[in-house]
Each structure stands twice: as C-alpha cells, then as structure tokens.
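Remarks on the overall topology
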Amino acid sequence: MDFIISKYNFWIYIVLMMIGFYAMIAKKNLVKKIIGMNIFQTAIILFFVSTAFKKGGATLPILLDIHSTHGHGQGHAVAQQAIEVANYINPLPHVLMLTAIVVMVATLGVALAIVIMIYRKYHTLNEDEIIKAMK
Amino acid sequence: MMEQAPILIVVVPLMCALMTPLIGWIRKELCYPWVILTLAVSAGCAFITLNTVIHNGVIHYYLGNWPPPWGIEYVIDHLNAMMVVLVSATAFLVAVYSKKSIEQELPDKVVYFYTVFLLQVTGFLGIVITGDVFNLYVFLEIASLAGYALIAIGEEGAPLASFRYIVLGTVGACFYLLAVGYLYIVTGSLNMADLAKILPDLYASKVVLVAFAFFMVGIALKMALFPLHVWLPDAYTKAPTTASALIAPLMTKVAIYVMLRIMFTVFQPYFSIEFMPITKILLWAGIIAIFGGAIMALAQTDFKRMLCYIIVAEVGYMVGGVGVANAVAIKGTVLHILNDVVMTLGLFTVAGIITYKMRHHNLDDFKGMFKKMPLTMAAFVTVALSIIGVPPTCGFFSKWYLLQGAVLAGQWMFVVALLFSSLINIVLFFRIFEIGYEFHTTHGTHDHGHEEMMAVEEAPLSMLMPTLIVAAIIIMIGLYNQPIISNLIQYAVPKI
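What you see is a predicted model; the values in this text were computed from it and never measured.

1. What to know about the overall build of chain B
Per the secondary structure count, chain B includes 21 helices and two strands. Against the globule reference of 23 Å for 496 residues, chain B gives a C-alpha radius of gyration of 22 Å, in line with a compact fold. The principal-axis extent of the C-alpha atoms belonging to chain B is close to 80 × 60 × 45 Å. When the 496 residues of chain B are sorted by exposure, 59% land in the buried category.

The structure is reproduced here in structure tokens:
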C-alpha cells in the first residue's frame, strides 16, 4: 500500500495511459479513438512533468530569484542562489513537454481532418459501418 | 560554408517547405522546379557531408554552438552519412518523378502536396542526422504526420487506412517518448553520445531495461515488423503514387536505422546482444516476418499491395540480420538498408508508371507491357532480379552477407527463411513477367492481330528517367559493392 501511495503520480499516469489505450483499441467510433489517443499522450506528458518534481521545497527559479533579491539586495548573490540545483525544479522536462504538446496538437489536427474526410464520404463515424460501406 | 553543410541538409527543405505555399500562390507551375531545386541543394549538401566523413571522419555539429550535453548536436558518422545521402537522393528522384502523376491524380492540390512532401523529407533527414534522442522523436513525428497527410489524399479508402496508421503510429511514437523519459530519469541526459557514456554503469537498473523494451516496441511499430505491420499494406497501397514512392522506401528503413542507433550507439553492443535476450527475439521476429510477408505477397492480385508485403518481408531480412548479431550479418543489414531503399524505390516508380498509364495497379494491368513500354519494363526486370538476388545486381550481395552471417552463427532457420523468400520472389516476379509478355494468347488470331498494332507508348520522360536511373544505380551498387563496403559500411558496423 505504501508502495502505491508514495509513488501515486506514476500510478495515475499508468491508469490514464491504460484508459487511453483501451479506448484506442476497443471503441468503434473514430472520434472516441482520437479521444483515447489524446488521453494516452496526456498521460505521458503528466509523467514527464512529474519526473521534474523535487522533494524539499524546490520551486521555480524565478520565484527564488525574487525572494533572494529581497534578502541580499545584491545582483551577484542572486545569480549564485539561482544556480543551486537542489532549490529549483528541473525545467527541462517541462520544456520537452512543450514540444510534445505541439506534436500532440498537430497529431490531433491531422487525425480530426482525416475523420472529417471519412465522414464526408461515408456519413458515419462507426468503423464497422465504414468497412461495410467500402466493400 | 562547407562546415555548415550538415545543418543545411535539414534546414533548406524545412524553410523551403514553408515558402512553397507562397511560391504556389504566385504561380502554381513554379512549385515543381522549386521542389526540385530545394532537394538538389539538400542532396548536394548531403554528398559534401558524405565526402567529408569519408576523408576526415565523424562530424560533430553543435546547433547554435551550444556544446553537447546541453545543446542539440548533429553527429554524422559513416552510417548517418550513408542514410542522409540515401534519403536526400531518393527524395530528389521522387520529386523529379512526381510531375505527371500529381497532375493526373491531384490536379487541384499540387501546392499543398509539395509543401507536405518537403516536410516529409525534412522529417526523414532530421531523424537520420540528429545525435539527440528527443530531437529524433520530434523529427520522427514530423515525418509521420506528413506521411499521414500524404497517405490520406490517396484513392478510395485512403483516409481510413491513414487513420489506422495514425493510431498505431502514435502509439509507437509515444512508446519511444516514454523510453526517452525513462532514460532521462536515470541519466539526466538526452544526447546519444552522453547517454552511451553514462548508461553502462546503470545496465542493471530496471528502469533502463524498461526503457530499452519501450524503444524496441515503439520502433517495431514504426518499421512494421511482422505482427505490427497491419497498418502498412493499406496505407501504402492507397496512397497517391508519388507519396508511396517516397514513403515506402524510406519510412521503414529509417526506422531500422533508428533501431541500429539505439542498439549499438545509445546502448553498447554487448548490452543489446548479451545482456538482453533481444537479439534472439529479433531473429525470430525477422524469420516470422520473412515467412509472413512472402506468403501474404503470394496471395495478392494488386501489384502495389504485393509490393507492400514484399516490404514486410524485407524488414524481416534486416531485423533478422541484426538478430543474428555478428559483424558479417550486421554488415549485410546495413548494406541491405542501402539496397532496399533503391530497390523499393524502383518497384514503386514502376507501379506509379503502370498506375499513370492504366489508372489501376492490378497485376492484370501488366498485360502486353513489354511491347508497350520496353524501357520501363527493362528497368522493372532489373529491379525484380535484384529483389530476387541475382548476382550482378545489388540485392545479391546484401543477401550473401546475411546468409554468410547466419551460417557463421549457425542460425539455420534464418538461412531457410532467406532462401524461401528468394524462391517466393522468383514466383512473384516471373508471374508478372508472364503477364507482361502475354504467353497465354487464348483469344487466338484476332487478339494477335490487335497486338501487332500496339505501338510503343513509353511513359513520360519525367517518370521514365528516374526509373531508369534507379535501375542503373542498382547495377552500379552491385558492381561497386566492394568499395562501398570498404569505405563506408565497414565503419558503420559496431565492433562486436
């Protein structure tokens, strides 16, 4: 039980991912498949973001900056403070995920455009009916 | 200028892709020369880079001059250099080839087709040139997204085929991204060379093992390894001619390149081969793919669809070659990447010419083609002989190395699979030759008289030239395979 609670963020991402995966495989409606795909990708984004977190009061570097300016009143000391790695959350996974979000949105756009193409042609979004209509 | 060549290979098609709609807005006819010019520049830079690599060794290019583990780095060694030249030269030939077939199939979408076409090429080039695992993911998605769009504008049923490709392709890319995340958690690095340095101490970690497994499954989806190949035949059969001529040779081979990179650059060869039982799995996956692809190809009556199953079998060759896991077999695999791009390009350009002439791509459409289009069919015969593996053509040599490697490793099942697939290929292609020559003139004299009247009616020059060039390249690679191996491929093979 402790194993689950102490790493609950990872469990959430696994559950989300499986929900998305299930929708992609089992749903017959093409839009529902796309929604599943999106949940799947979002789960990965949450996973990345949660890996950036550090225990022990680490925050964003900008906040730290303002705080220490108040304390020391010296530009030089501020820079030193900001470099202290343990005090800020790793920003790189967030930056990576900005790119991944762009990729995700682009995938969503292309997928929706293709679904519109399919709908205009067959007037249905149900995969079985489309396959029946193609034959 | 010369030292900027590596970045220009990727940036020129990317920038020109974004400018294509503008050019098309001025005049639609300008798009075609514009694309050719772009890809000629890119291919030129690729050849310069290859030349530099052969003479001066590995190139490291730092983007924005940020030194590696922090900045993105482009690393061009012998394997990359070969892939970059392959991708850009293939794209250039397909661009030359595209004119007539696009005018016929997509008359009102020329501008957007070329835009997406260039983005697709950018994606492929980026994948093969980058030395950063996350950058590779982004380029993988650029290539895939452009591919989905290009496939979807094909013939009847293409949108649904493309949709299925999207779903599976996204799962593959997401698995890859997840693996990158796992490696980042334990190493804190995304640079391939840096990862290779940090990882050996962590090989016992479960996170690294899971990352490796996710990499393999993700890439297997992208390369259409047999049980995961379901998206491929529909997508490539229904795509527009030009799109399938570009995507079919490159997508699967680029994915195999990624697999080699992950297995032998990011991870050490001894990890991939001895630490994990992955090579055994790959070997059997390859064998099953060869059998599955070959048997399914026999059952097809549609020419393009048959080619798609041949691709599935060819992927089996290369994956199996990696699975054999000795230096000779991997040399065969790398050479086969080169050969297979050229051969598949040849097959799909011929399929495009048939489609252009007959409006269909069934096997029956080959009827009388040897009389009607002798040059095209000469090229087709060369390509077919290469796929079968007849000595002067390039297909023989890679198959020879694969066989030699398999015999050295005592993997007899793989030997059987290779020979079986060669036999099936003989059946497949000689069946088409038979249709092409019309040996069965069952309709008697009436039909015969009609045949005499049939004049030579070659494909348009813009389609014929690339096809003939590809046929010539096949024979050239076959004749000069020794210099190619000693100058290029032997350095691309990891030291095992």
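2. Some thoughts on the overall build of chain A
Scanning chain A from N- to C-terminus turns up seven helices and zero strands. The buried share of chain A, taken over its 135 residues, is 22%. Residue pairs at least 24 apart in sequence account for 57% of intrachain contacts in chain A once pairs closer than 6 positions are excluded.

3. Section: the interface of chain B and chain A
Between chain B and chain A, the contact holds 20 residues from the first and 24 residues from the second. Residue assignment for the side of chain B that touches chain A shows that the elements contributing at least two residues are α5 (133-152) and α6 (158-187) of chain B. Here the residues of the side of chain B that touches chain A are counted per class, giving 15 nonpolar, four polar and one charged.

4. Concerning the pairing of strand β2 (residues 73-76) of chain B
Residues and elements named next belong to chain B. Going residue by residue along β2, you find Glu73 and Val75 tucked away on one face and Tyr74 and Ile76 tucked away on the opposite face as well. For strand β1 (residues 59-62) and β2, the ladder comprises four bridges, and the chain directions are antiparallel. Its bridge partner being in β2, Tyr62 is matched across the sheet by Glu73.

5. Overview of helix α1 (residues 5-26) of chain B
All names here are of chain B. The end-to-end C-alpha distance of α1, which contains 22 residues, comes to 30 Å, matching closely the 32 Å that a straight helix rising 1.5 Å per residue would cover. Taken together, the buried positions of α1 are Ala5, Pro6, Ile9, Val10, Val12, Pro13, Cys16, Ala17 and Thr20. Residues of α1 that are buried make contact with α2 (31-56), β1, β2, α3 (78-105) and α4 (110-129).

6. A closer look at the environment of Lys27 of chain A
As for its position among the elements, Lys27 of chain A is in the loop between α2 (8-26) and α3 (30-51). Between the alpha carbons of Lys27 of chain A and Glu127 of chain A there is a distance of 9.0 Å; along the sequence they are 100 residues apart.

7. Considering the confidence of the model for chain A
Predicted confidence across chain A gives a mean pLDDT of 81, with 79% of residues reaching 70 or more. Between residues 66-75 of chain A, whose pLDDT stays under 50, and residues either more than four places distant or in other chains, the model counts six contacts.

8. Structural notes on the packing of helix α12 (residues 278-298) of chain B against helix α13 (residues 303-324) of chain B
Residues and elements named next belong to chain B. At their nearest, the axes of α12 and α13 sit 7 Å apart, and the two run at 160° to each other. In terms of their interaxial angle, α12 and α13 are classed as roughly antiparallel. For the pair α12 and α13, the sense of crossing is left-handed. Considering only residue class, the contact of α12 with α13 consists of 19 nonpolar, seven polar and one charged.

9. Considerations on α4 of chain B
Given 3.6 residues to a turn, an α-helix orients residues that are three or four positions apart in the same direction. An ideal rise of 1.5 Å per residue puts 28 Å on 20 residues; α4 of chain B measures up with 29 Å between its terminal C-alpha atoms. The element α4 of chain B is largely enclosed, with a buried count of 17 among its 20 residues.

10. Points about unusual backbone geometry
Even without glycine at this site, His123 of chain A takes up a positive phi of about 55°. As for its position among the elements, His123 of chain A is in the loop between α6 (92-122) and α7 (127-134). At Asn65 of chain B, a position not held by glycine, the phi torsion is positive, near 60°.

11. What about the packing of α3 of chain B against helix α10 (residues 241-266) of chain B?
Residue and element names in this part refer to chain B. Their axes nearest at 7 Å, the elements α3 and α10 cross at an angle of 165°. The orientation of α3 with respect to α10, classified from their angle, is roughly antiparallel. When you trace α3 past α10, the crossing you get is left-handed. Across the interface between the two elements, Leu79, Met83, Val87, Thr90, Ala91, Val94, Tyr97, Ser98, Ser101, Ile102 and Glu105 from α3 touch Thr241, Thr242, Ala245, Leu246, Pro249, Leu250, Tyr257 and Leu260 from α10. Tallied by class, the residues present in the contact of α3 with α10 amount to 13 nonpolar, five polar and one charged.

12. Observations concerning the environment of Ala17 of chain B
Residues and elements named next belong to chain B. Looking at the element boundaries, Ala17 is found in helix α1. Given 21 C-beta atoms within a 10 Å radius, Ala17 is considered buried. Each C-alpha atom of the pair Ala17 and Phe117 lies 8.0 Å from the other, and the pair is 100 residues apart in sequence. When residues no more than four places from it in sequence are discounted, the contact partners of Ala17 are Thr115, Leu118, Leu119 and Thr122.

13. Here we look at the environment of Ala327 of chain B
Residue and element names in this part refer to chain B. Note on placement: Ala327 falls in helix α14 (residues 327-358). As for Ala327 and Tyr401, which are separated by 74 residues in sequence, their C-alpha atoms are 9.7 Å apart. For Ala327, the residues in contact, after removing those within four places along its chain, are Val493 and Ile496.

Definitions and limits used
Residues numbered from 1 in each chain as written. Chains lettered and ligands numbered in written order. Predicted model: local features only at pLDDT ≥ 70, side-chain atom pairs only at ≥ 80, totals over all residues. Helix = DSSP H or I, 4+ residues; strand = E, 2+ residues; numbered from the N terminus. Rg over C-alpha atoms; globule rule 2.2 N^0.38 Å. Buried ≥ 20, exposed ≤ 12 C-beta atoms within 10 Å, placed from the backbone. Contact = placed C-beta atoms within 7 Å. Nonpolar A, V, L, I, M, F, W, Y, C, P; charged D, E, K, R; others polar. Pairing = 2+ DSSP bridges. Expected span 1.5 Å × (residues − 1). pLDDT = per-residue confidence, 0-100. Axes fitted to C-alpha atoms, helices over the stretch in contact; angles between N-to-C directions. Parallel < 35°, antiparallel > 145°, perpendicular 65-115°, else oblique. Left-handed = near helix turned anticlockwise from the far one by under 90°.

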